[in-house]
Amino acid sequence: MSDPHILVIDEGTTSTRAAAFTLDGRIAAEASKPLTQSYPKPGWVEHDAAEIWANTIACAEAVAAAVGVETIACAGITNQRETVVFWDSETGEPLAPAIVWQDRRTSDICAALKASGHEPETQAVTGLLLDPYFSATKIAWALEHLAEVRTAAGQGRLRVGTVDCYLRYRLSGGQVFKTDASNAARTLLMRLHDVTWDAGQCAVLGVPETLLPAIGDCAGTLGTAKIAGRRIPVTGAAGDQQAAAAGQGCFAPGSVKATYGTGAFLIANAGKTPPKSEHRLLSTMGWRLGGQATYALEGSIFVAGSAVQWLRDQLGLIGSAGETEALAASVPDSGGAMFVPAFAGLGAPYWQPEARGVIAGLSGGTGRAHIVRACLESMGNQTADVLTAMAADGVSPGVVKVDGGMVKNDWLCQDLADALGVEIERPEIIETTAMGAAMLAAVGAGLFGSLEDAEAAMRRVDRTFRPRTSGDEREDRRANWRRAVAQVQAGLASARS
Ligand SMILES: Nc1ncnc2c1ncn2[C@@H]1O[C@H](COP(=O)(O)OP(=O)(O)O)[C@@H](O)[C@H]1O
Ligand SMILES: O=P(O)(O)OC[C@H](O)CO
């Protein structure tokens, strides 16, 4: 029999991918399809869940055909988190557009909940803060505003879930209505310490607990996926950022990864008890295996690669994302330009959903290369904000393990090292999210005894970027960044007055 493969479905914000991994961590076949982004109103971001499903099946079947479906031993699913899908239990068809994690339409609901003093309780129970980023207010909004969703709820036909839950439902032919602990932890409704839905949060946020799926582990017997006429056991499932932390081998408490895709997300392993952030980071689930939770401290940055896409699609400054590398290197600095890409509000550690972006410090000499460089530099600047908060919460890594679509850019990786003053370690396979889902699925299927064993067999380091800046240079850069963020915040204050 040929070598077994692990099929991974990685449903990201901007594209859906499938890959077949070998047990030594190679990608034997892969397929991807872009996902349409809809911005129907300012601050709104939607996906078509029918397109998500069609792309998922097409990518999975293409990969199965390439390696031979009979060689696939098991499947793992990983996904953009917090995004909410509404579908009909009878047909599996979507009832409304999916409301994406970047969507800000529930800012007012969150502001009202904060004003009523509900944030400390929310943080104590769920580890999260009151921000439209998370799923619950999106569900409550849809139940109030979308007739299709309300009617289906009244008739007992409504299924609501995060993207993992929707895909597991459809892949199983409607047999499985379950989510996993890492995705459930992003809803604002899950009690972090005992991994159950919290009746109080459900009541306050207006989400009937009866609508919610069961919560399970991230590895084990999780259901089946009908692909290319075969029922493949699904043995791994986790949100994409937690999967990336597993794929980077962040198993020791305090080890940190940063994934640069549409957004950028830093996760520190926090061990076996929920961490408590005093500095506006999230306390969340890493993964849960055999009923045993591993917790994480997270800093979520809402705009990373999407700023590069904006330079390409809205400004036409570049023809492709890859061009940013040579352009940034073509100038000695950004010429004083500072780019704060707060298109979807500011995430950690600010949590200001109504903030909007700024490009400051422009002069007549500012050119295309300076703007591009300022855009890439904002990755290091935003990451430094999160690492500063992590340090204040007691986590100071000497190495940050990076991955995601942006880190193929060497200039960016070096700039991260220079901005942060830490080593930046890049693995051979930068699709670490998919690698982590493959590791979880392999452990769930019994192909490896532990995630550590899977990492030893599957993950290899490509390159380490070392800082080339002095502490004073980094401090100057931080001061300039703080001034630019202050401009964003001043804009916010004047918009309110
Ligand atoms: N060479 C590059 N330099 C900078 N950014 C890049 C480069 N290549 C891709 N990107 C950006 O990376 C993002 C894609 O990363 P990916 O991990 O696939 O995202 P996601 O999983 O969120 O859909 C895009 O936003 C793109 O603009
Ligand atoms: O699609 P990505 O890779 O930017 O990840 C999205 C995150 O899961 C949102 O929390």
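For the structure itself, consult the block above.
First, a word on what this report is: a plain description of the structure on this page. (Residues numbered from 1 in each chain as written. Chains lettered and ligands numbered in written order. Predicted model: local features only at pLDDT ≥ 70, side-chain atom pairs only at ≥ 80, totals over all residues. Heavy atoms only, no water.)

Concerning the site of ligand 2
Stage number 1. All residues adjacent to ligand 2 are Gly12, Thr13, Gln80, Arg81, Glu82, Trp101, Tyr133, Asp240, Gln241, Thr262, Gly263 and Phe265.
Stage number 2. Between Thr13 and ligand 2, the recorded distance is 2.5 Å, taken from a side-chain N or O atom to an oxygen atom.
Stage number 3. One nitrogen or oxygen atom from the side chain of Glu82 is found 2.6 Å from an oxygen atom belonging to ligand 2. (Near = heavy atom within 4 Å. Polar contact = N/O pair within 3.5 Å; in protein donor to acceptor, adjacent residues only side chain to side chain.)

Things to note about the site of ligand 1
Stage number 1. Residues in contact with ligand 1 amount to 18 residues; listed here are only the nearest, Thr14, Arg17, Thr262, Gly305 and Gly405.
Stage number 2. Taking Thr14, its side chain carries an N or O atom lying 2.5 Å from an oxygen atom of ligand 1.
Stage number 3. A total of 580 Å² of accessible area belongs to ligand 1 in isolation, and the protein chains cover 86% of it.
Stage number 4. Examining the composition of the shell around ligand 1, we find that 4 residues originate from one element, helix α10 (residues 305-313), more than from any other.
Stage number 5. For the shell around ligand 1, a count of residues per class yields 3 nonpolar, 13 polar and 2 charged. (Areas by Shrake-Rupley, 256 points an atom, 1.4 Å probe, with all protein chains shown as cover. Helix = DSSP H or I, 4+ residues; strand = E, 2+ residues; numbered from the N terminus. Nonpolar A, V, L, I, M, F, W, Y, C, P; charged D, E, K, R; others polar.)

Some thoughts on the packing of aromatic side chains
The relative placement of two aromatic rings is captured by the distance of their centres and the angle of their planes.
Stage number 1. A complete count under the given rule lists 17 aromatic pairs for this structure.
Stage number 2. Aromatic side chains Phe251 and Trp287 sit 5.9 Å apart centroid to centroid with 80° between the ring planes, which places their arrangement in the edge-to-face category. Linking Phe251 in the loop between α9 (240-247) and β15 (256-260) with Trp287 in strand β17 (residues 282-289), this pair joins segments that are 36 residues apart in sequence.
Stage number 3. Both rings, one in Phe302 and one in Trp351, keep their centres 5.9 Å apart while their planes meet at 75°; by these two values the pair is edge-to-face. Note that Phe302 is positioned in the loop between β18 (292-301) and α10 and Trp351 in the loop between β19 (338-340) and β20 (358-360), a separation of 49 residues in sequence.
Stage number 4. Given a relative accessible area of 1%, Phe302 falls into the buried group.
Stage number 5. On the basis of relative accessible area, Trp351 is assigned to the buried category, the value being 3%.
Stage number 6. A connected cluster of aromatic rings, assembled from ring pairs, spans Trp101, Tyr133, Phe134, Phe265, Phe302 and Trp351.
Stage number 7. The positively charged end of Arg105 is found above the aromatic ring belonging to Trp44, 3.7 Å away from the centroid.
Stage number 8. Over the aromatic face of Trp141 sits the side chain of Arg105, whose NZ or CZ is 4.6 Å from the ring centroid. (Phe/Tyr/Trp six-rings, centres within 6.5 Å; stacked < 30°, edge-to-face > 60°. Buried < 20%, exposed > 50% of the residue type's maximum accessible area, 1.4 Å probe, protein only. Lys NZ or Arg CZ within 6 Å of the ring centre and 35° of its normal.)

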